[in-house]
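# Geometric and topological summary
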Amino acid sequence: QDMLDLYGSSDLFVPALNAQMDIACRFLNGAKRIVWGFIPAGAKTEGITILEKIQQRWPGSKLAAAAIMRTGAFYFDSERFLEAQHAYQKILDNYSQSDSYSRAMLYSARSTHAQYAGEHYDTNCLAEALIRYEQYRKSFPQQAKEYEIEKQMQIIRTQQAGKEFSIA
């Protein structure tokens, strides 16, 4: 990190960022850091921090997009769906030419849908997920068939109807 902070124009800038990406992914996958010289401790928070720094140091790059996608995947796998949705939205807002764009759009919809906590709770996330799935279906019709997006949309409509039924 010192090298990146002090020598940003160095030829080693990109390899150092790639090394940081590797370290962050290892932390998110469960690698431990050593505290006080001998205590292994989880480092998932540090992994997320490293990914955020990669995005700040080289915005607009493929590596930054990969860092955002990895952040979103971590949050999604951790069932922190709101944070995941925000991460995927960064890709949709800032990286429309990225290779990850279609996957970010899909997981943005899935993250939004996963925020639904049941019929006793707010259903705004269902309406938003329905819109996101529809956008995905229009933008990527072939992949939408493969991922059975129409089936997901029907599940959402059923959940919305269940909410209406419980209100009635």
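Only a predicted model underlies this, so the values are computations on that prediction, with no experimental measurement involved.

### Some words on the overall build of the protein
For the protein, the helix and strand inventory stands at 9 helices and 2 strands. From first element to last, N terminus to C terminus, the protein shows the α and β order α-α-β-β-α-α-α-α-α-α-α. In terms of principal-axis extent, the alpha carbons of the protein reach across some 60 × 40 × 25 Å. The buried share of the protein, reckoned over its 168 residues, is 39%. Surface summary for the protein: the accessible area is close to 10100 Å², and the carbon and sulfur share equals 52%. Separation between the mean location of the 19 positive side-chain charges and that of the 19 negative ones in the protein comes to 2 Å.

### As for a nonpolar patch on the surface
The grouping of Trp36, Phe38 and Ile39 at the surface amounts to a nonpolar patch, some 420 Å² of accessible area in total. Under the relative-accessibility criterion, tryptophan 36 is labelled exposed at 73%.

### Here we look at helix 9 (residues 149-167)
Between the first and last C-alpha of helix 9 there are 27 Å, a value that for 19 residues agrees with the 27 Å anticipated at 1.5 Å per step. Listed as buried for helix 9 are Ile149, Met153, Ile156 and Lys163. The buried residues of helix 9 occupy an angular sector of 75° when projected down its axis, which confines them to one face. Within helix 9, the exposed residues directed more than 90 degrees away from the buried face are Lys151 and Phe165.

### Quick word on the side chain of arginine 132
On the secondary structure map, arginine 132 appears in helix 7 (residues 124-139). For arginine 132, a relative accessible area of 14% corresponds to the buried category. Of the polar contacts made by the side chain of arginine 132, one reaches the side chain of threonine 112; its length is 3.3 Å.

### A short note on the pattern of salt bridges
Two side chains with opposite charge may pair up if their charged atoms get near one another. In this structure the tally under the stated criterion is 6 salt bridges. Among the salt bridges present, the one from arginine 132 reaches glutamate 128, with a minimum N-O distance of 2.6 Å. With arginine 132 and glutamate 128 both in helix 7, this residue pair falls 4 residues apart, about one helical turn. Between glutamate 134 and arginine 137 there is a salt bridge, and its shortest N-O distance comes to 2.7 Å. Placement of the pair is glutamate 134 and arginine 137 together in helix 7, with a separation of 3 residues, close to one helical turn.

### What about the pairing of strand 1 (residues 32-35)?
Relative to strand 2 (residues 39-42), strand 1 runs antiparallel, the two sharing 4 bridges. Bridge pairing links isoleucine 34 to proline 40 in strand 2. Once strand 1 ends, the chain turns through 3 residues before running back antiparallel as strand 2, passing tryptophan 36 with a positive phi of about 60°.

Rules used in this analysis
Residues numbered from 1 in each chain as written. Predicted model: local features only at pLDDT ≥ 70, side-chain atom pairs only at ≥ 80, totals over all residues. Heavy atoms only, no water. Helix = DSSP H or I, 4+ residues; strand = E, 2+ residues; numbered from the N terminus. Buried < 20%, exposed > 50% of the residue type's maximum accessible area, 1.4 Å probe, protein only. Areas by Shrake-Rupley, 256 points an atom, 1.4 Å probe, with all protein chains shown as cover. Lys, Arg positive; Asp, Glu negative; His and termini not counted. Charge placed at Lys NZ, Arg CZ, Asp CG, Glu CD. Patch = residues over 30% accessible without salt bridge, like charges linked within 9 Å, V, L, I, M, F, W, Y side chains within 5 Å. Salt bridge = Lys/Arg side-chain N within 4 Å of Asp/Glu carboxyl O. Expected span 1.5 Å × (residues − 1). Arc of directions from axis to C-beta. Polar contact = N/O pair within 3.5 Å; in protein donor to acceptor, adjacent residues only side chain to side chain. Pairing = 2+ DSSP bridges.

Everything listed here is a matter of geometry and, on its own, says nothing about what the molecule does.
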